[in-house]
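Fold and geometry: a report
In case you want the letters, here they are:
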Amino acid sequence: MAKQFSRRRLLQLGALAATVPATLTITSTTAASAATASSGGPAPAKPFNLDQVALHEGIFQQKRDRMLNYARNYPGSGGVLAGPDRMLHLFRANAGLPAPGTWPGGWDTPNHLLRGHFTGHYLTMLSQSYAATGEEIFLDKLDYLVEELGRCQRALDARPVGRVAGRSGKAVRLSDPHPNQYVLLPQRILDGVTDVTFAVWVRLAASQTNAKIFNFGTGSSVYLSLSPWVSASMGPRFAITTSGTNNEQRIDGTSNSVPVGEWAHVAVTISTAGSIGRLYVNGNQVGTNTIRLSPANLGATTNNWIGRSQSNNDPYLNATVDDLRIYHRALTAAEVAALATADPAAEEADQTDLVAWYRFEEEGETAVDHSGNDRDATIIGTSYPGYLSAFPEGQFSRLEPPTLQQNSGANAVWAAWYTCHKIMRGLLNAYHLTGNEEALEIAFRMGDWTHQRLSRYTQAQLDQMWNIYSAGEAGSMNEVMAELSALTPDPEAKARYLQTAKAFTFTTLFNATLDDRDILNGRHANQYMAPNIGYLRIFEQTGEEDYHTAAKNFWAMVVPHRTFSNGGAGRSEHFGVRGFITAGFTSGSDPRHAETCCTYNMLRLTRNLFFHDQDPAYMDFYEKGLHNQILSSRRDIDSVTATEVTYHQNMWPGRSRQIGTFVEYSRYGGNGSCCNGTGIESHTKYQESIYFQSADESTLYVNLFIASTLTWPGRGFVISQETQYPTEGATRLRFDQGSGQLKVKLRVPSWAVKGYQVRVNGARQRLTARPGSYVTLDRRWSQGDTIDISMPFSFRVEKALDDKSIQSILYGPTLMVVRDNTPSYREFTFFKDLKRDGDLAAAIQPTNVPMHFTTHGYTLAPYYISDPVPGQFNAYHPYVKRVEPEVVFGSAATGVPNDAIRDEGGETFLDRVWEAAPFRNHGQFLQRAKQVADEWVAAGRHTEEQSKAIHLAAAHANKDLEP
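Fair warning: this is a prediction, and the values are worked out from it, not measured in the lab.

Comments concerning the overall build of the protein
- The helix and strand inventory of the protein stands at 22 helices and 40 strands.
- What you see for the protein is a C-alpha radius of gyration of 33 Å, in line with the 30 Å of a compact globule of 963 residues.
- The long-range share in the protein, meaning contacts at least 24 apart out of those at least 6 apart in sequence, stands at 69%.
- Within the structure as shown, the protein displays about 32900 Å² of accessible surface, and the carbon and sulfur contribution to it stands at 48%.
- Distance from the positive charge centre (89 side chains) to the negative charge centre (97 side chains) of the protein: 4 Å.

This is the structure in structure tokens:
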């Protein structure tokens, strides 16, 4: 197994990848600069390579190392290449290559419609693992996997995709694994036809129930059809009806008279004289019945097919079809018998008898009408070179116009383009992070294939696809296509790839988000999240500001309006009404919240938005999602057989990461689901956003407080970060190597309200550190210089937007959950215990276990602790209910109701008072209490008498409120 790159080439690629604003991708620096100039915004920031940031001891490294252990050893037996061989099994089988062994499981199983996507994630995991550690074992696995995928792609190119050998001459092969799916006949082809004969040669590949050799009609109530099998022991059957299945007029043939694997000639005749219908197989009559309807009774038929049914529940015909003839008379038994032995190639077309005659001799998508009546048909489902997948290409054909297959029924399509994106993303990551040039070549060929498939459709037709629930999910295909545009040196290819990237614009939602119209309610979250990542890639290539605006506006519709306190979003994978967070949290509601893939995609989008607009709010959200949902999604046990990554994270009160009988770490098998896939990526790239640099390398952004070392060859700096975060709110940056002028931008988290201090070499800096901002140190740095940041943690609550009494407790960046299995909210009262600093710590006591506390008789524990004891699943409450019935200040009661009266924002009187904390002294507190009391009297919420009681209690509470 030869390495396909040199170490020097790898270093060159690593340097290039570091120069642009991308998530494990590269883009054209020229285009990125043009985009920035076009937008009028600040110069973009850019990331560091994964191998430039090393994690040190801490919770992030621990979670990462568990996933590295999985990456090294999966599936736990069989040697170094056992894991890649599992990932290749279904690709090899689809390409017709020997496929020893087995498959990953879960969704990556034979016949599953998403099979193969997990291999794309696995490619990314191996690439990231190698980039972060330099361990050759990851490279060996990756190179082998890429080499074999290239072999599969070449084998798929060599498969027969046109006509196949027929009964006489050539024939059309329908249904998977062949690309051709069915034949679309002209509309109204049977207009005026009364007496009729249908005759066709068919070679069944399987004994399918209710597949149709042909079907003419207008829908599920009006049709005529011929089925070779209607059950395991019945068939063939001809049926005609104008009023649904229950009123079919039928001819049932001798059971099993149409064999599997052999050519059979099947014919049906209908004669209006005597109202008789006859069914023939191989020239022999096998059934007859009274048939009073004729094709003319069906009216103007619009759905006329070979190999497809009017019902979506019937499978497409899996067979080879040849020499289909339609006569506008009923042939005699002798004439039918003659057809069963005739050579169609030796016959001349007879327009006096034939309605249409399809011999399938010509290559291409047109089935020529040999009757001379110019009723050519269209073969639906074609193929192009460069295809690579673990399922047949027909999935794409079924999704495309005119079929537009839904994610249901016997011919269902499930996110075929989503799967394609994962494979291409994995290949591009293999190229960017390890220098594997064959991976890039495979991706280019997939890009050419994608362009050929989609360039034939209008935007309106594309929108029909993208608006199909789930089946139309395309991941971030626009991202990889725009990236290929940046990578190719060929101007024509560059234009093609960019055109194809834009084809993945989901215009229904794109136009709404561009106008800042929120229409997310009820939409499948991932289906509409991922394209926004690609919109930024298009913006970087073209400077077209609309793509940037749409992505920004989309982000702002999710954060905070649809975001749980752990940073996740969605219920049962769907967006809800804007602002609805905990509404409907009952024992009967769907507990499948916060799909892990959603946070993965939102973090990718957030990171890339920051490169173009260094808004601290992006990094506040990034920290929340990474530190809570993503960190908690990896179970705290070792495993080399399963990813141990959650699918959903239950936000119900008193639940766990086991929902019913489903353990969320192993839902859908523990390998092979979407969240297993994004999980193996997320936990091998924690270091990617700790530090960013400005485009001109004059500025370092310190975004996250994670123990790590940054090696910055471009500036000659090596900077280490020492911290016990998140168990303490402090970190130290030390310049281990290098010197020179540098702006260091230190993030001030929005939760850092108790004082944020910075010391350089022990000297306190005079800085205005506003929560939710960055502070800047601009000076010449030398080896040995230190930056000490103090950002004391405090307890705070985050209120659900839809019910301000439902709240989460956070300590610094960490969501703290109540350990309890009662399936209803725990009720907490805090205001009576508050001091002037407003910190909930007055009512929360530490324990002898780090980051564990008690309050109201319950344990508070970090959300990121993920079931470390095998077989046990910790029940938890991410949200509690605040019960604050009376306006009180310490022990000073007022008799004035608190919870019963809320303002237009859903806040209580005490909420409004304490939102101004901390208070420097009691006088400032009294001023705030009086201000709010006056506002509430003016609004008619309190009486003058109640206001006086509040003033008096606030004045008397001086001692109680002293910290």
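Still to come is the rest of the account.
A closer look at helix H17 (residues 596-612)
- Its 17 residues place the ends of H17 25 Å apart at the C-alpha level, agreeing with the 24 Å of an ideal helix rising 1.5 Å per residue.
- For H17, the tally of buried residues reaches 17 of 17 residues, placing the bulk of the element in the interior.

Section: the pairing of strand S21 (residues 691-694)
- In S21, alternate side chains face the same way, and those of Tyr691 and Gln693 on one face and Phe692 and Ser694 on the other are all buried.
- With 3 bridges connecting them, strand S1 (residues 45-47) and S21 associate as antiparallel partners. Within S21, the position partnered with Lys46 by the bridge is Gln693.
- By the bridge criterion, 3 bridges tie S21 to strand S22 (residues 699-702) in an arrangement that is antiparallel. When the sheet's bridge partners are listed, Phe692 is paired in S22 with Tyr701.
- Hairpin connection, S21 to S22: the antiparallel pair is bridged by 4 residues, and Glu697 has positive phi, about 65°.

Notes on helix H12 (residues 477-487)
- Judged by how many residues are buried, H12 sits mostly within the fold: 11 of 11 residues are covered.
- All of the buried residues along H12 are Met477, Asn478, Glu479, Val480, Met481, Ala482, Glu483, Leu484, Ser485, Ala486 and Leu487.
- Buried positions along H12 lie against helix H9 (416-434), helix H10 (437-454), helix H13 (491-503), helix H15 (525-542) and H17.

As for the packing of aromatic side chains
- In total, this model carries 54 aromatic pairs according to the counting rule given.
- Taking 5.5 Å as the distance between ring centres and 35° as the angle between the ring planes, the aromatic pair formed by Phe198 and Phe216 counts as tilted. Of this pair, Phe198 sits in strand S6 (residues 196-204) while Phe216 sits in strand S7 (residues 214-217), and the two are 18 residues apart along the sequence.
- We classify Phe216 as buried; its relative accessible area is 1%.

Considerations on the sheet that holds S22
- Judged by pairing direction, the sheet is mixed, and its 5 strands sit side by side in the order S1-S21-S22-S26-S29 without closing on themselves. With one partner strand each, in any of the chains shown, S1 and strand S29 (773-781) form the two edges of the open sheet. Within this sheet the neighbouring strands show an average axis-to-axis angle of 30°, counted without direction.
- Each of S1, S21, S22 and S29 is contacted by H17, which is oriented at about 135° to S1, the strand it contacts most.

Observations concerning unusual backbone geometry
- A cis amide bond links Pro401 with the next residue in sequence, Pro402, at an omega value of 5°.
- Tracing the sequence through the fold places Pro402 in the loop between helix H8 (394-399) and H9.
- Residue Tyr725 is joined to Pro726 through a cis peptide bond whose omega torsion reads 10°.
- Within the fold, Pro726 resides in the loop between strand S24 (717-723) and strand S25 (730-737).
- Even without glycine at this site, Tyr668 takes up a positive phi of about 60°.

Topic: the pattern of salt bridges
- Scanning the model with the defined rule gives 56 salt bridges in all.
- With a shortest N-O distance of 3.2 Å, Arg425 and Glu479 are connected by a salt bridge. On the criterion of sequence distance, the pair formed by Arg425 in helix H9 and Glu479 in helix H12 is long-range, its members being 54 residues apart.
- The partner of Asp736 in a salt bridge is Arg734, with the nearest N and O atoms 2.6 Å apart.
- Residue Asp736 is classed as partly exposed on the basis of its relative accessible area, which comes to 23%.
- Under the relative-accessibility criterion, Arg734 is labelled partly exposed at 26%.
- A single salt-bridge network, built from bridges that share partners, covers Lys63, Arg66, Asp636 and Asp638.

Looking at the state of the cysteines
- Within the structure shown, the criterion is met by 0 disulfides.
- With no disulfide of its own, Cys597 has Cys675 as its nearest cysteine by sulfur position, at a separation of 3.5 Å.
- On the accessibility criterion, Cys597 (2% relative accessible area) is buried.

What about the nonpolar core?
- By size, the foremost hydrophobic cluster in this structure holds 186 residues, and its most contacted members are Trp417, Leu427, Phe554, Leu746, Ile787, Phe889 and Phe909.
- Ranked by residue count, the leading element in this core is helix H6 (residues 136-158), at 10 residues.
- With residues near it in sequence (within four places) discarded, Trp417 still touches Phe396, Leu399, Trp449, Thr450, Arg453, Leu454, Trp466, Glu473, Ala474, Met477 and Phe504.
- The next biggest cluster of nonpolar side chains, apart from the first, holds 47 residues, and it includes Leu174, Val183, Leu204 and Leu226.

Thoughts on the side chain of Lys141
- Residue position: Lys141 is located in helix H6.
- One buried charged residue, Lys141, remains without a salt bridge, the closest side chain of opposite sign being Asp140 at 9.0 Å.
- Ignoring any residue separated from it by four or fewer positions in sequence, one finds Lys141 in contact with Ala71, Arg72, Tyr74, Val80, Leu81, Pro84, Tyr122 and Leu126.

Here's the deal with the pairing of strand S13 (residues 284-290)
- Judged from the 6 bridges that link them, strand S12 (residues 276-281) and S13 form a sheet pairing that is antiparallel. Paired with Tyr280 across the strands is Gln285, a residue of S13.
- Between S12 and S13, which pair antiparallel and follow one another directly, the connecting turn spans 2 residues, one of which, Asn282, has a positive phi of 55°.

Some thoughts on the packing of H6 against H9
- Where H6 contacts H9, the two axes come as close as 11 Å, and the packing angle between them is 135°. The angle between H6 and H9 falls in the class oblique. Crossing of H6 over H9 shows left-handed handedness. In this structure, H6 uses Leu139, Leu142, Val146 and Leu149 to contact H9, whose residues at the interface are Leu427, Ala430 and Thr434.
- When its residues are assigned to classes, the contact of H6 with H9 shows 6 nonpolar, 1 polar and no charged.

Observations concerning the sheet that holds strand S2 (residues 53-55)
- An order of S2-S23-S24-S25-S30-S27-S28 is seen for the 7 strands of this open sheet, with the pairing classed as antiparallel. Looking at strand neighbours, the two that pair on one side only are S2 and strand S28 (763-764), the edges of this open sheet.
- Where strand S23 (residues 708-712) lies against S24, 5 bridges are found, and the strand directions are antiparallel. Counterpart to Thr709 in the pairing with S24 is Ser720.

Structural notes on the environment of Arg571
- For Arg571, the position within the fold is in the loop between helix H16 (545-558) and H17.
- The class of Arg571 is partly exposed, set by a relative accessible area of 25%.
- Placed 46 residues apart in sequence, Arg571 and Ala525 show a C-alpha to C-alpha distance of 9.0 Å.
- Not counting chain neighbours up to four residues away, the residues in contact with Arg571 comprise Phe564, Ile581, Thr582, Ala583, Gly584, Phe585, Arg592 and His593.

Quick notes on the rules
- Residues numbered from 1 in each chain as written.
- Predicted model: local features only at pLDDT ≥ 70, side-chain atom pairs only at ≥ 80, totals over all residues.
- Heavy atoms only, no water.
- Helix = DSSP H or I, 4+ residues; strand = E, 2+ residues; numbered from the N terminus.
- Rg over C-alpha atoms; globule rule 2.2 N^0.38 Å.
- Contact = heavy atoms within 4.5 Å.
- Areas by Shrake-Rupley, 256 points an atom, 1.4 Å probe, with all protein chains shown as cover.
- Lys, Arg positive; Asp, Glu negative; His and termini not counted.
- Charge placed at Lys NZ, Arg CZ, Asp CG, Glu CD.
- Expected span 1.5 Å × (residues − 1).
- Buried < 20%, exposed > 50% of the residue type's maximum accessible area, 1.4 Å probe, protein only.
- Pairing = 2+ DSSP bridges.
- Phe/Tyr/Trp six-rings, centres within 6.5 Å; stacked < 30°, edge-to-face > 60°.
- Axes fitted to C-alpha atoms, helices over the stretch in contact; angles between N-to-C directions.
- Salt bridge = Lys/Arg side-chain N within 4 Å of Asp/Glu carboxyl O.
- Disulfide = S-S within 2.5 Å.
- Core = buried A, V, L, I, M, F, W, Y, C linked by side-chain atoms within 4.5 Å.
- Parallel < 35°, antiparallel > 145°, perpendicular 65-115°, else oblique.
- Left-handed = near helix turned anticlockwise from the far one by under 90°.
- Nonpolar A, V, L, I, M, F, W, Y, C, P; charged D, E, K, R; others polar.

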